[in-house]
Every structure is written in structure tokens, then in C-alpha cells.
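Close look at the chain arrangement
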Amino acid sequence: SQHPWGVALHGDDVYVASSNNNLVHIYKKSGSACIQSIGVGCSPRGISIDNDQIYVACSDEHLVYVLNMKGESLRQLGTGAPGNGGGHLYSPEDVAIDGDFVYVSSQHNHSVQVLNKKDGSFHKAIGNYAAGFGSGQLHSPKALCFDGEGKLLVGCHTRLEILTAA
């Protein structure tokens, strides 16, 4: 995998977003050979899998692509244009799923956008769209994951933020 960026597990398979060649490579956890590659049409960054749907953050396109397990596009989340405000993704770097919501780190508007998983509609933003280190501020959020206790971990420019989910 060239320039691996994001990694997700699904059953016995490991999905690796390969940002240099616009592919998601699939490996078995038990071996090192790639068993399948899925073209995603963008330079993928973060990846998450939920209910047999693959969510791929595409920073250059300011979108999250939602694919089925065959790699076929189901829908897109985001407007495709960078911006500040509810539902706008500006260089999304990672994606995480919790319940009915998709969390997207929107690096250049210094927020995590929380979208409805079913229709992509805007739910809320975490962060105030201004880079900072104070309460309620994020600085270039990139990595996202949940800790199993309902807390969202956000890897920012120089620190880790631990937040309560939606």
C-alpha cells in the first residue's frame, strides 16, 4: 500500500486507505498479501466501517464517500466545497461512527462536523471554527476514534482532546 493513511477493521479484514494511489486495500488480519483493492476516486485519508458501509474521508474533495462493501458509491457527505459552517467539510482527514452519527474531522475549519448517518444532514459542530487551544476550540483536528465509553478522542495539532459524543 503506497502512503497508507487510515486503517479500519471489519471482521477478519483490514482496510487501508492508500492516499497516493486513490485506493483502499483490503488485507486479511492473518496475512500480509492484499486480497482486493477498491478505487475510491480520491486521495483517501481516514476510513471507518459501519453496518457493511465504508466511510472514506477525502481531504482534497472536501467530502466523505460512503461505499458498499464492493466499493460502489452509495452517497456523499458534505457539499464538496470548502467552507465554514454547519455541514461544510474543509479538508476532512478522518471519520468515525457512533450510533446514528458520522463524525468528520474538518481540518481547515478547525471543527469536527457531526452528520446524520442516514441522510448526511448536519447535526452539530464541535469546535468554534477558529484555531485555538482554549475551551471549545480545536486546532487542525485530524485523527478521530471512540473509546468504547462514549467519549470522542480528537487528535489535534499539538494535543489530544477527549470529548463527550453527540
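Summarised in this report is the structure supplied together with it.

The rules we used
Residues numbered from 1 in each chain as written. Predicted model: local features only at pLDDT ≥ 70, side-chain atom pairs only at ≥ 80, totals over all residues. Heavy atoms only, no water. Helix = DSSP H or I, 4+ residues; strand = E, 2+ residues; numbered from the N terminus. Contact = heavy atoms within 4.5 Å. Pairing = 2+ DSSP bridges. Axes fitted to C-alpha atoms, helices over the stretch in contact; angles between N-to-C directions. Phe/Tyr/Trp six-rings, centres within 6.5 Å; stacked < 30°, edge-to-face > 60°. Buried < 20%, exposed > 50% of the residue type's maximum accessible area, 1.4 Å probe, protein only.

In this fold, Lys142 is placed in the loop between β12 (122–126) and β13 (143–146). Through-space distance from the C-alpha of Lys142 to that of Cys42 is 18 Å; in sequence the pair is 100 residues apart. For Lys142, the residues in contact, after removing those within four places along its chain, are Glu93, Asp94, Ser105, Gln107 and Gly155.

Our next topic: the sheet that holds strand β11 (residues 111–116). Read from one edge to the other, the open sheet built from four strands follows the order β9-β10-β11-β12, with strand pairing classed as antiparallel. At either margin of the open sheet sits one strand with a lone partner, and together these are β9 (92–98) and β12. For this sheet, the mean inter-axis angle between neighbouring strands, taken without regard to orientation, is 20°. Pairing geometry for strand β10 (residues 101–106) and β11, over six bridges, is antiparallel. Bridge assignment links Tyr103 to a residue of β11, and that residue is Val114.

Moving on, we get to the packing of aromatic side chains. The way to describe two aromatic rings as a pair is by their centre distance and the angle between their planes. Per the stated rule, a full pass over the model turns up one aromatic pair. Each ring, one from Tyr103 and one from Phe146, has its centre 5.0 Å from the other, and the planes form 75°; the classification is edge-to-face. Separated by 43 residues along the polypeptide, Tyr103 in strand β10 and Phe146 in strand β13 bring together distant segments of the chain. When its relative accessible area of 0% is taken as the criterion, Tyr103 is described as buried. For Phe146, a relative accessible area of 21% puts it in the partly exposed group.

Moving on, we come to the pairing of β9. β9 sits mainly inside the fold: six of its seven residues count as buried. Where β9 meets β10, six bridges bridge the pair, whose relative direction is antiparallel. Bridge pairing in β10 places Ile97 opposite Val102. Counting the residues that bridge the hairpin from β9 to β10 gives two residues, and of these Gly99 lies at a positive phi of roughly 60°.

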